[in-house]
Amino acid sequence: MNVAFISSEAVPFAKTGGLADVSGSLPHQLARLGCKVKLIIPKYDILNLEKYDLEKVNFDSPVSVSAGEKKYDINVFSCIDCDSKVEIYFIEQNELFNRGKIYTEDKDEDIRFIVFQKAAIETLQHLNWAPDIIHCNDWQTGLIPLYIKFNYSWDKLFRKTATLFTIHNIGYQGLFPASTLFKAEIPQELFYPMAPAEFYGQVSFLKAGITLADSVNTVSRTYAQELLSPEFGGGMEGVLAERQDDFTGIVNGVDYDIWSPEKDKMIPHNYSADDLSGKLENKKYLLNQLGMPFQKEIPLMGMVSRIVSQKGFDILARAVKYLVQLNAQWVILGTGDKKYENKLIRIAKLYPNHLKVNLYYNEELAHLIEAASDIFIMPSLYEPCGLNQIYSLKYGSVPVVRKTGGLADTVHDWDANIQNESGNGFVFENYNGYDLYASVKRAVNCFNDKDLWKKIQLNGMKQDYSWQSSAKKYLELYKNALINKVT
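Cut-off values and rules
- Residues numbered from 1 in each chain as written.
- Predicted model: local features only at pLDDT ≥ 70, side-chain atom pairs only at ≥ 80, totals over all residues.
- Heavy atoms only, no water.
- Helix = DSSP H or I, 4+ residues; strand = E, 2+ residues; numbered from the N terminus.
- Rg over C-alpha atoms; globule rule 2.2 N^0.38 Å.
- Buried < 20%, exposed > 50% of the residue type's maximum accessible area, 1.4 Å probe, protein only.
- Contact = heavy atoms within 4.5 Å.
- Salt bridge = Lys/Arg side-chain N within 4 Å of Asp/Glu carboxyl O.
- 1 Å grid on protein atoms, 1.4 Å probe; cavity = no way out; pocket = protein on both sides within 12 Å on 5 of 7 lines; lining within 4 Å.
- Points joined across faces, edges and corners; volume = space filled by probe spheres on them.
- Nonpolar A, V, L, I, M, F, W, Y, C, P; charged D, E, K, R; others polar.
- Axes fitted to C-alpha atoms, helices over the stretch in contact; angles between N-to-C directions.
- Parallel < 35°, antiparallel > 145°, perpendicular 65-115°, else oblique.
- Left-handed = near helix turned anticlockwise from the far one by under 90°.

**Student:** Any chance you could explain the overall build of the protein here in plain terms?
**Tutor:** In terms of regular secondary structure, the protein is built from 17 helices and 19 strands. Taken against the 2.2 N^0.38 rule, which gives 23 Å for 487 residues, the C-alpha radius of gyration of the protein at 23 Å falls within 12% of a compact globule. Across its three principal directions, the C-alpha atoms of the protein cover 70 × 45 × 40 Å. Split into buried and exposed, the 487 residues of the protein put 60% on the buried side. Relative to all contacts within the protein whose residues are 6 or more apart in sequence, the contacts with residues 24 or more apart total 73%.

If you want it as structure tokens, here you go:
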């Protein structure tokens with residue numbers, strides 16, 4: 001099967017969140033399952049290209065695309081992943097993508113991704129390569145199903161091509177003024193109240209993808225159910241209800257060559273379920289690096305996250321002065337909302353031996369926190385899939401999570417009252433500081449029972465959330481998209 005995988009970000013090149021992890025891993029696993037995959041992303045000026053030899057692709061004719069009254073000349077560069085043979089194409093347009101960051105609040109944000117989407121399609125045309133599936137990801141690629149069905153319907157190259165649109169986070173919808181209709185060359189008949197590209201008088205790239213793709217999915221089963229409700233649907237619940245028959249959820253996979261304690265190259269001490277001694281050594285190392293005292297009998301709580309309300313930092317902020325008084329230590333890594341950052345800094349100054357706040361992001365430190373933590377905290381308001389809880393399970397860092405989205409699908413509560421022998425973490429349901437505190441306290445109490453704690457750890461470490469399983473489910477989705485295309 002030929003798969004064009006189109007995304008605005010992908011590891012190891014550019015990342016702001018889980019979308020990049022998926023885009024960097026799923027194409028490779030699809031290739032290992034026999035697909036021919038071309039990954040297409042923008043060539044930002046911040047790309048990490050140190051280990052890659054990019055070559056300019058020389059087409060028979062120049063590539064240029066229009067947005068409004070202006071034409072943009074495009075250069076395309078490529079490289080091949082040596083292991084999986086995935087071909088990676090980079091869309092270069094310096095005026096639009098050399099901004100020092102992936103996403104901006106600039107007035108031409110719509111044009112940036114209109115040009116990217118058109119350039120991706122025209123790259124396929126210039127390559128004369130007919131994909132069976134174009135896999136689109138989030139609003140930055142939401143117009144592609146529209147373009148394939150309307151603007152490029154004349155091209156027989158795409159006659160049998162189906163589209164899959166994956167929602168990674170409904171909170172980002174690509175909403176722009178009605179004037180974007182002209183810039184994007186969206187047919188007028190698609191813009192009227194309740195029409196595919198219209199959302200309360202604005203142009204919605206996300207809605208176009210949901211409405212016009214041949215199949216739609218999101219990144220966990222529970223999140224798919226949540227998106228059909230007004231509470232979580234972001235106004236798109238009715239649109240998604242219209243697609244309910246071909247809307248599903250697949251939990252993101254993890255690359256265990258990178259994220260497993262046995263193979264992790266970023267931690268000083270590797271370990272496994274058979275020998276957990278290296279985990280304690282990582283804890284010693286991390287605390288020493290951070291200038292915190294090491295105490296074997298006190299659990300270390302880890303958090304690696306954007307410090308924003310969506311990730312639960314509003315309820316954490318309300319409970320933090322009580323949490324730090326538990327017999328535990330805390331290490332937090334991330335950046336975000338200044339009001340939460342400032343409160344955490346104030347508490348850290350009062351309890352320097354109990355809380356260390358690192359207001360930046362560092363990939364090596366993120367790996368070390370996963371490996372060193374006894375307990376990993378994710379109190380999200382909503383979480384489409386989440387990856388850190390899956391990493392934590394593999395690292396024996398028992399997760400404490402709120403029951404939402406992918407957290408609900410992957411973390412199962414240890415409840416001594418019902419003798420739940422398969423529990424791998426601690427789960428709370430109500431979104432408030434008290435329930436967060438109560439769940440953390442339950443975890444701390446269980447930590448003191450070493451035999452019980454090891455059982456909970458091993459329950460998590462033996463679970464398999466590798467991309468191989470998820471990729472097979474995506475292959476089935478691709479087949480369904482092709483059936484929907486035919487019918």
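**Student:** Is there a simple way to think about the pattern of salt bridges in this case?
**Tutor:** Pairs may arise between side chains of opposite charge once their charged atoms sit close together. Enumeration according to the criterion identifies 19 salt bridges in this entry. Where Lys 283 meets Asp 374, a salt bridge forms, and the shortest distance between an N and an O atom there is 2.7 Å. Of this pair, Lys 283 sits in helix H9 (residues 277-290) while Asp 374 sits in the loop between helix H12 (363-372) and strand E17 (375-378), and the two are 91 residues apart along the sequence. For Asp 374, a relative accessible area of 9% translates into the label buried. Members of the salt-bridge network, linked through shared partners, are Arg 99, Asp 106 and Asp 108.

**Student:** Would you mind going over the layout of surface pockets with me for this structure?
**Tutor:** If a probe as big as a water molecule is rolled over the atoms, it shows which places are left empty. Of the voids in this model, the largest pocket is the one considered here, and its volume is about 1600 Å³. In terms of lining residues, the largest pocket is bounded by 45 residues, among which Val 11, Pro 12, Tyr 52, Asp 255 and Ile 258 are the most central. Ranked by residue count, the leading element in the lining of the largest pocket is helix H1 (residues 18-32), at six residues. The residue makeup of the lining of the largest pocket, split by class, is 20 nonpolar, 10 polar and 15 charged. Approximately 1300 Å³ is the volume attributed to the second largest pocket. As for the second largest pocket, its lining consists of 48 residues, of which Thr 16, Gly 17, Gly 18, Arg 306 and Lys 311 are closest to the centre. Elements with a contribution of two residues or more to the lining of the second largest pocket: H1, strand E14 (300-304), H12, E17 and helix H13 (388-395). Partitioned by chemical class, the residues of the lining of the second largest pocket number 21 nonpolar, 16 polar and 11 charged.

**Student:** Help me understand the packing of helix H10 (residues 313-323) against helix H11 (residues 338-350), please; the structure alone is not making it clear to me.
**Tutor:** Taken N-terminus to C-terminus, the directions of H10 and H11 make an angle of 20°; their axes are 10 Å apart at the nearest point. Between H10 and H11, the crossing angle belongs to the class labelled roughly parallel. As H10 runs across H11, the sense of the crossing is left-handed. Across the interface between the two elements, Phe 313, Asp 314, Leu 316, Ala 317, Arg 318, Val 320 and Lys 321 of H10 pack against Tyr 340, Lys 343, Leu 344 and Ile 347 of H11. Classifying every residue of the contact of H10 with H11 gives seven nonpolar, no polar and four charged.

**Student:** Sorry if this is basic, but what is going on with the packing of helix H15 (residues 433-447) against helix H16 (residues 450-461) here?
**Tutor:** For any two helices packed against each other, one specifies the crossing angle of their axes together with the interaxial distance. Running from N to C, H15 and H16 point in directions that differ by 120°, and their axes come no closer than 7 Å. On H16, the residues that touch Ala 443, Cys 446 and Phe 447 of H15 are Lys 450, Leu 452 and Trp 453. Looking at side-chain class alone, the contact of H15 with H16 contains five nonpolar, no polar and one charged residues.

**Student:** Mind showing me how you'd approach the side chain of Ser 272 here?
**Tutor:** Residue position: Ser 272 is located in the loop between strand E13 (247-249) and H9. When its relative accessible area of 18% is taken as the criterion, Ser 272 is described as buried. Sequence-distant contacts of Ser 272, defined by excluding residues within four places in its chain, comprise Glu 262 and Met 461.

Bear in mind that shape data such as this cannot, by itself, settle questions of function.
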